[in-house]
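# Geometric and topological summary
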Amino acid sequence: MIAITRKAGVLSLLLPVLISCTDTPVREEKEKDSFTAQVDSVLGLMTLEEKIGQTVLFTSGWDVTGPSMDDNYREYIENGSVGAVFNAFTTTYNRELQQVAVEHTRLGIPLLFGYDVIHGHRTIFPIPLGESASWDLGLMEKTARIAAVEASAEGINWTFAPMVDVARDARWGRIAEGAGEDTYLGSLIAKARVKGFQGDDLAANNTILACAKHYAAYGAALAGRDYNTVDMSENEFRTTYLPPFKAAHDVGVATFMNSFNDLNGVPATGNSFLLRDILKGDWDFDGFVVTDYTSINEMVPHGYARDEKHAGEIAMNAGVDMDMQGGIYMKYLKQSIQEGKVSEKDLNDAVRRILDMKFRLGLFEDPYRYMDKTREKEEVLSEEHLEVARDAARKSMVLLKNDKEVLPLKQGARIALVGPLVKDEKNIIGNWAAAGDREGTAVSVFEAFEERLGKDNVLYAEGCKVLGEDTSGFKDAIAVARKADVVVMVVGELEGMTGEAASRTDINIPGKQKELIKAVKETGKPVILVLMNGRPLTLEWENKTADAILEAWWPGTMGGYAVADVLYGDYNPAGKLTVSFPRAVGQLPLYYNHKNTGRPIQPEDPDQKYVSRYLYTPNTPLYPFGYGLSYTSFAYEVSTDKQTLVPGETLTITAKVTNTGERDGEEIVQLYVHDKVASVTPPVKALKGFEKIFLKKGETKSVKFELTAEDLKFFNPELEWIYEPGMFELFVGGHSDMPFTHTFELKTE
Ligand code: GLC
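Residues numbered from 1 in each chain as written. Predicted model: local features only at pLDDT ≥ 70, side-chain atom pairs only at ≥ 80, totals over all residues. Heavy atoms only, no water.

### What to know about the overall build of the chain
Filter applied, for reference: Counting from the N terminus, the helices are DSSP H or I runs at least four residues long and the strands are E runs at least two residues long. Radius of gyration here uses only the C-alpha atoms, and the compact-globule reference equals 2.2 Å multiplied by the residue count raised to the power 0.38. Residue exposure (1.4 Å probe, protein chains only): buried if accessible area is under 20% of the type maximum, exposed if over 50%, otherwise partly exposed. Accessible areas in this description were obtained via Shrake-Rupley with a 1.4 Å probe; residue shielding takes into account the shown protein chains only.
Looking only at helices and strands, the chain features 21 helices and 26 strands. The C-alpha radius of gyration computed for the chain amounts to 27 Å, which stays within 12% of the reference 27 Å derived for 749 residues, consistent with globular compactness. Considered along the principal axes of its C-alpha atoms, the chain spans approximately 75 × 75 × 50 Å. Every one of the 749 residues in the chain was classed for burial, and the buried ones make up 62%. About 27500 Å² of surface is accessible on the chain, with carbon and sulfur atoms providing 50% of the total.

Below you can see the structure in the form of structure tokens.
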């Protein structure tokens, strides 16, 4: 219990009067400054110190997600020097902190409570990269909605999600947190996740502020090394990395988080091109920008600021509204304003943005609205939420190989479960798992199989650890394999091997797991690999050796059940990769929508030397973007309604898809288009549409895509967003690595 030493906040007495005498206009969709009058009234009461206080965010000691700079956050709240706290949750704890702010500071301005609710709060869903493989926008909105319901039931009103960084380099551990390598798909997923977190009304007590991060181009860190340099043309930036942020903005994301990296020599934290020209200028963004963890301080080691005070001036002048954990705005902003290095006008703008969000959340009306103990008891880890988590996990899984239909598992088959992740209940919920429990709430694969087969009907051996050289467990693994009809091996990474500060130079399955697979395979039994990992791995040897491979990612709280559901065919897997899986780490960065170069490999002369290639390794991925198998099969018949498209008209592509197998199943029907000639070298193909359909066995459905000239635009050398006349080709299929089947001409006169 915090010692309550201050008299009630003046504002908390004034506030009801203040609000009632200010007519709040009915909020139109995304109307700017809807609480202008109230915000200006509060701003007018504030001292310079209190204004600076609103721009300060500190972590509580409850959960720590980075190097702790300063843990006097309670004292800071008491003297009005903090406007927001993160990593704090539960209604009891957050109410304590909110009471200090509202009832014991001069103005009683309520706190924001932020947290990394990335893929669930207590009920944990698959990691975002895994969930993106469902290509199910409705599902991703729903899981974000549930995450917001649970987080807001525990005192949280702001999440630092969605992470919308396009990522093409599997060495980068944070590829786990996003939606993969494609800008078009990533933009749609960004929208879905923002809508899920924010709902239709921020004033509702189960919706929370979302945060588009990490702005911007953080996923392009050189060599996949986290926090590393990012340098690219503005054309590439606007084509590939910026659109998902614009998509989040277009659906009203409340906040942005700037990234750690520098972009073309200017740290994102001090980058007015990003923050003032694009975000607050061109886009007219009316939310607020928070830094990443101490990223203002880091402009000193970036070599961009002389010292921390200078870094604070650069950040505020560039358009950063709130300092996460750095303590720089708190320490230096007053002096910088007094010296004229920063304008109070810019500070006022930052404070207005922050106060406006607090009004929009309804915090001034009821600062304790997110601290309802009844909700905390009833709406967290509910059966309904857990069922959605199981469904999301099933839909995120990608069947990469299934030789001789070894899957689905036959009822009655004697199963051996082997591998270091069979009984895992910690890593299975992945990294950035918020308040997810790692001590027994999650369902392991072992638990799911025991429930399904009975306690004494599951053979098991760990075999080895994820990391380490110890192979003494191999003999038990071989022994149980010999007694079984089929061996299910659960292998992969530790969750801490992906996520932040987790780049790898080698993306093989680590430790002695590969040797374990080899030893088990040598028993002659069919081997099914279930992968738990947060990034694409190099699996050429596994792809040759295993009879089946299921990519399960980190599937979350209900992951074990979902694995069993898929392996036994209760759910026919339909996931499709949103990242390319390389054959070798040396191929990275690797992505499907690459350029052709002037010396592409000619299919008719694959061994030609002087072309863009590696010695001894093909250019192609082992598993391409958009790839995933099913227990059934699908046939496509594609037609277009015209061969010439003119602006204002629509080209309709019809794909008749038939389920040609023996099982009902879902198919993610994908449309790829190639601009054959353009004034900026075009990608060899680009995803332009997709639709997930369910087909009973034998059933046929038609999927229609409509293309207009608008869909064929790109940034020309002058950075104009235009289309150009010329020839295009397209195909519709179940993944990205298929031949073009139709052409059309875009005519502009
Ligand atoms: C971390 C991450 C960011 C996260 C923040 C708060 O350093 O980069 O994604 O939201 O700090 O935990």
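### Some points on the pattern of salt bridges
Keep this limit in mind: Salt bridges are counted wherever a side-chain nitrogen of Lys or Arg sits within 4 Å of a carboxyl oxygen of Asp or Glu.
Summed over all chains, the structure comprises 45 salt bridges. The shortest N-O distance in the salt bridge between Arg360 and Asp356 comes to 2.8 Å. Separated by four residues within a single helix, Arg360 and Asp356 lie in helix α14 (residues 344-360), roughly one turn from each other. Assessed through its relative accessible area of 8%, Arg360 is described here as buried. The salt bridge partner of Arg452 is Asp570, with a shortest N-O separation of 2.5 Å. Of this pair, Arg452 sits in helix α17 (residues 445-453) while Asp570 sits in the loop between α21 (559-567) and β17 (634-640), and the two are 118 residues apart along the sequence.

### What about α14?
Selection criterion: The span one expects for a helix is its residue count, reduced by one, times 1.5 Å.
Here α14 spans 24 Å end to end across 17 residues, near enough to the 24 Å set by a 1.5 Å rise per residue. In terms of burial, α14 is largely enclosed, as 13 of its 17 residues are buried. One or two residues past the end of α14 sits Gly362, with phi positive at roughly 80°.

### Thoughts on the side chain of Asp286
Convention followed: Whenever two N or O atoms come within 3.5 Å, that pair is a polar contact, provided that in protein one can donate a hydrogen and the other can accept it, and provided that, for residues adjacent in sequence, both atoms are side-chain atoms.
Mapped onto the elements, Asp286 comes out in the loop between α11 (272-282) and β9 (288-290). Given a relative accessible area of 7%, Asp286 falls into the buried group. Among the polar contacts made by the side chain of Asp286, one reaches the side chain of Arg360 at a distance of 2.9 Å.

### Topic: the sheet that holds strand β25 (residues 726-733)
Just so we agree on the cut-off: We call two strands paired when DSSP finds no fewer than two bridges between them.
Strands sit in the order β18-β26-β25-β20-β21 across an open sheet of five strands; the sheet is mixed. Two strands bound the open sheet, and with one partner strand each, they are β18 (644-645) and β21 (686-695). Note: β25 against strand β26 (residues 742-746), five bridges, orientation antiparallel. Note that in β26 the partner of Phe728 across the bridge is Phe744.

### As for the domain arrangement of the chain
Short version of the rule: Residue ranges for the domains trace back to a domain assignment, done automatically or taken from a database. Contacts were defined at the residue level, with two residues in contact if any of their heavy atoms lie within 4.5 Å. What counts as buried area is the accessible surface, traced by a 1.4 Å probe, that two parts surrender upon association, with contributions from both included.
Its domain assignment divides the chain into domain 1 (6-115), domain 2 (389-587) and domain 3 (634-746). On a C-alpha basis, the centroid separation for the pair domain 2 and domain 3 is 34 Å. Taken together, the contact pairs seven residues of domain 2 with nine residues of domain 3. Contact between domain 2 and domain 3 buries roughly 650 Å² in total, counting both sides, with carbon and sulfur atoms accounting for 42%. By the criterion of area lost to domain 3, the three top residues of domain 2 are Asn572, Ala574 and Lys576, representing 67% of everything that side buries. Inspection of the domain 2/domain 3 interface yields one salt bridge. A salt bridge links Lys576 to Glu667, with the nearest nitrogen and oxygen atoms 3.2 Å apart.

### Some points on the environment of Trp541
For Trp541, the location among the structural elements is in helix α20 (residues 540-545). Judged by its relative accessible area of 27%, Trp541 is partly exposed. A C-alpha to C-alpha distance of 8.8 Å links Trp541 and Lys514, two positions 27 residues apart in sequence. Not counting residues up to four positions away in its chain, the partners in contact with Trp541 are Lys514, Ile517 and Lys518.

### A short note on the side chain of Thr255
With respect to the helices and strands, the residue Thr255 is situated in strand β6 (residues 255-258). Residue classification places Thr255 among the buried positions, given a relative accessible area of 0%. In this structure the side chain of Thr255 is engaged in a polar contact, spanning 2.7 Å, whose partner is the backbone oxygen of Ala210. Those residues within four positions of Thr255 in sequence are excluded, and the remaining contacts are Trp158, Leu209, Ala210, Cys211, Ala212, Phe285 and Phe288.

### Points about the UniProt feature "domain: Fibronectin type III-like" (unreviewed entry) in the chain
Where we set the bar: UniProt positions are given in the numbering used here, feature names are shortened, and annotations may be inferred rather than shown by experiment.
Summarizing the sequence annotation, UniProt attributes the feature "domain: Fibronectin type III-like" (unreviewed entry) to residues 667-736 in the numbering used throughout. The span residues 667-736 carries 0% helix and 56% strand; its end-to-end C-alpha distance comes to 14 Å.

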